[in-house]
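Below are the chains, spelled out letter by letter.
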Amino acid sequence: MIFRMKFIIPLAVVASALATFGLYKFLQAESKRSAAPKVVTQKVVVAGRDLQMGRKLEPVDLKIGDWPVTIVPMGSYADAAELVGRVLKTESQAGEAVIEAKLAPKGSEGGFSSIIPPGMRALTVSVNNASGVGGFILPNTHVDVLVTVTSPAQKEESTTKIILEDIKVLAVDQTFERKEDDPVIVQTVTLLVNPDQAEKLVLASTEGKLQLSLRNNSDRSLRATSGVQLKELVANRTGARESGRLKPEKLVGQSRRLNVDNAAQNQKIIEVIRSSQRAEVTFVNGETRETKKK
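Residues numbered from 1 in each chain as written. Predicted model: local features only at pLDDT ≥ 70, side-chain atom pairs only at ≥ 80, totals over all residues. Heavy atoms only, no water.

(A) Summary view of the overall build of the protein. Scanning the protein from terminus to terminus reveals four helices and 11 strands. With 294 residues in all, the protein has 23% of them scored as buried. Once local pairs closer than 6 in sequence are excluded, the contacts in the protein between residues at least 24 apart make up 62%. A total accessible area of about 20400 Å² is found for the protein, and carbon and sulfur atoms account for 56% of it. (Helix = DSSP H or I, 4+ residues; strand = E, 2+ residues; numbered from the N terminus. Buried < 20%, exposed > 50% of the residue type's maximum accessible area, 1.4 Å probe, protein only. Contact = heavy atoms within 4.5 Å. Areas by Shrake-Rupley, 256 points an atom, 1.4 Å probe, with all protein chains shown as cover.)

Right under this line is the structure:
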């Protein structure tokens, strides 16, 4: 009997300790769960897959997601039925909220024309490898437009000027989707302009030679320039050449120094001793001059 009690008492103590520890862990976990704040969510319509610009939305393109109310984007929708038939004017990635800012106006048909905002125009200009910035102009990039107008009668009056700034590129050739940033050599670029800009662009393309200048997409700054004429370029080059020449008075000064240096090189001095008298005879260019020394 005594032998059994030796084992029963320690086992009871161990079992009690384990039960106490298990109860403590359970209560601690419950406390953490009750202390954690509940996230309030809201239904938001998102893209069910990657969607291309100009696509007319169908039910299969959309799905509903739960978003924390603190980060629900402005202009979002909770009912996918409201978006069926609307047209995307920008690309949308799978899981991305479909908001009003990404949609063309109601009633727009799918395709390229639907991505042109009201009041704006799409105008296409011809480019080559050089004027198209080596193929780095892609849809949704921004460019400045320069024109060079040559005067047949007075070539020095030929002028280059920036006529349009920060113009959005809608398409290159027949492509208005930007899938990657690899350069593509194209023959035409379609620009998004207003009616006034369209007039300038057509006149410039008719009367001069166009050149596109690629901008940083985050740079929206505008800078008014006066353009440059060929005669100004020539004048600047001439000025640069003349600035490297010596002025006449400097040339005279150098000539005098050269003459003095040459005379010094041709000058010879001989010391002559006559009895107790000493003298120096200087020979310069065939002439002699004697100087007596004390």
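(B) Looking closely at the environment of P68. Relative to the elements of secondary structure, P68 occurs in strand β2 (residues 62–68). Residue class for P68 comes out partly exposed when judged on its relative accessible area of 26%. Spatially, the C-alpha atom of P68 lies 6.6 Å from that of V39, the residues being 29 residues apart in sequence.

(C) The arrangement of the nonpolar core in detail. Counting residues in hydrophobic clusters, the biggest one holds 19 residues, and the most contacted among them are V189 and L191. Residue assignment for this core shows that the elements contributing at least two residues are β4 (142–149), β5 (159–172), β6 (188–193), α2 (195–207) and β7 (209–214). In terms of residue count, the dominant contributor to this core is β5 (four residues). What V189 contacts, discounting residues up to four positions off in sequence, is L123, T124, V125, V127, I137, V169, A171, V172 and L212. Membership of the second largest hydrophobic core comes to 10 residues, among which are A47, Y77, V98 and L103. (Core = buried A, V, L, I, M, F, W, Y, C linked by side-chain atoms within 4.5 Å.)

(D) Geometry of unusual backbone geometry. In this model, N140 sits at a positive phi of 75°, which is unusual for a non-glycine residue. Not every positive phi belongs to a glycine, and D166 is a case in point at roughly 55°. Tracing the sequence through the fold places D166 in strand β5.

(E) Structural view of the pattern of salt bridges. One pass over the structure, following the stated rule, counts 11 salt bridges. When the shortest N-O distance is used, the salt bridge between R55 and D61 registers 2.9 Å. Between D166 and R215 there is a salt bridge whose closest N-O contact spans 3.8 Å. A residue pair is termed long-range when its members are at least 10 positions apart, and D166 in strand β5 and R215 in the loop between β7 and β8 (228–229) qualify at 49 residues. The structure contains a network of salt bridges with shared partners spanning D144, D166, R215, D219 and R220. (Salt bridge = Lys/Arg side-chain N within 4 Å of Asp/Glu carboxyl O.)

(F) Representation of the environment of I185 in the model. Structurally, I185 can be placed in the loop between β5 and β6. You can call I185 exposed: its relative accessible area is 54%. In this structure the C-alpha to C-alpha distance between I185 and V127, which are 58 residues apart in sequence, comes to 9.4 Å. Not counting the four nearest positions on each side in its chain, I185 is found in contact with N129, G134, G135 and D173.

(G) Summary view of α2. Between its first and last C-alpha atoms α2 spans 19 Å; for 13 residues at 1.5 Å apiece the expected length is 18 Å, and the two agree. Looking at α2, one finds that the buried residues are Q197, A198, L201 and A204. Across the axial projection of α2, the buried residues extend over an arc of 135°, all falling on one side. Away from its buried face, by an angle of more than 90 degrees, α2 presents the exposed residues D196, E199, L203, T206 and E207. For α2, the capping residue at the N-terminal end is N194, with a side-chain oxygen 3.1 Å from the backbone nitrogen of D196. (Expected span 1.5 Å × (residues − 1). Arc of directions from axis to C-beta. Polar contact = N/O pair within 3.5 Å; in protein donor to acceptor, adjacent residues only side chain to side chain.)

(H) Structural detail: a nonpolar patch on the surface. A contiguous nonpolar patch, built from V228, L230, L233 and V234 and spanning about 290 Å² of accessible area, is present on the exposed surface. The dominant element in the nonpolar patch, judged by the number of residues it contributes, is helix α3 (residues 230–243), at three residues. (Patch = residues over 30% accessible without salt bridge, like charges linked within 9 Å, V, L, I, M, F, W, Y side chains within 5 Å.)

(I) Main features of the pairing of β5. Looking at chain direction, β4 and β5 are connected through seven bridges and run antiparallel. Bridging from a neighbouring strand, T148 pairs with T160 of β5. Where β5 lies against β8, two bridges are found, and the strand directions are antiparallel. Following the sheet pairing, T160 is matched in β8 by V228. In the sheet, β5 pairs with β6 via four bridges, with the strands oriented antiparallel. Bridge assignment links K168 to a residue of β6, and that residue is L192. (Pairing = 2+ DSSP bridges.)

(J) Local environment of the side chain of D61. When you line up the elements, D61 lands in the loop between β1 (41–47) and β2. On the basis of relative accessibility, which here comes to 0%, the residue D61 falls in the buried class. For D61, the contacting residues outside a window of four places in its chain are V46, A47, G48, R49, L51, R55 and K56.

That's the geometry; what it means functionally is another story.
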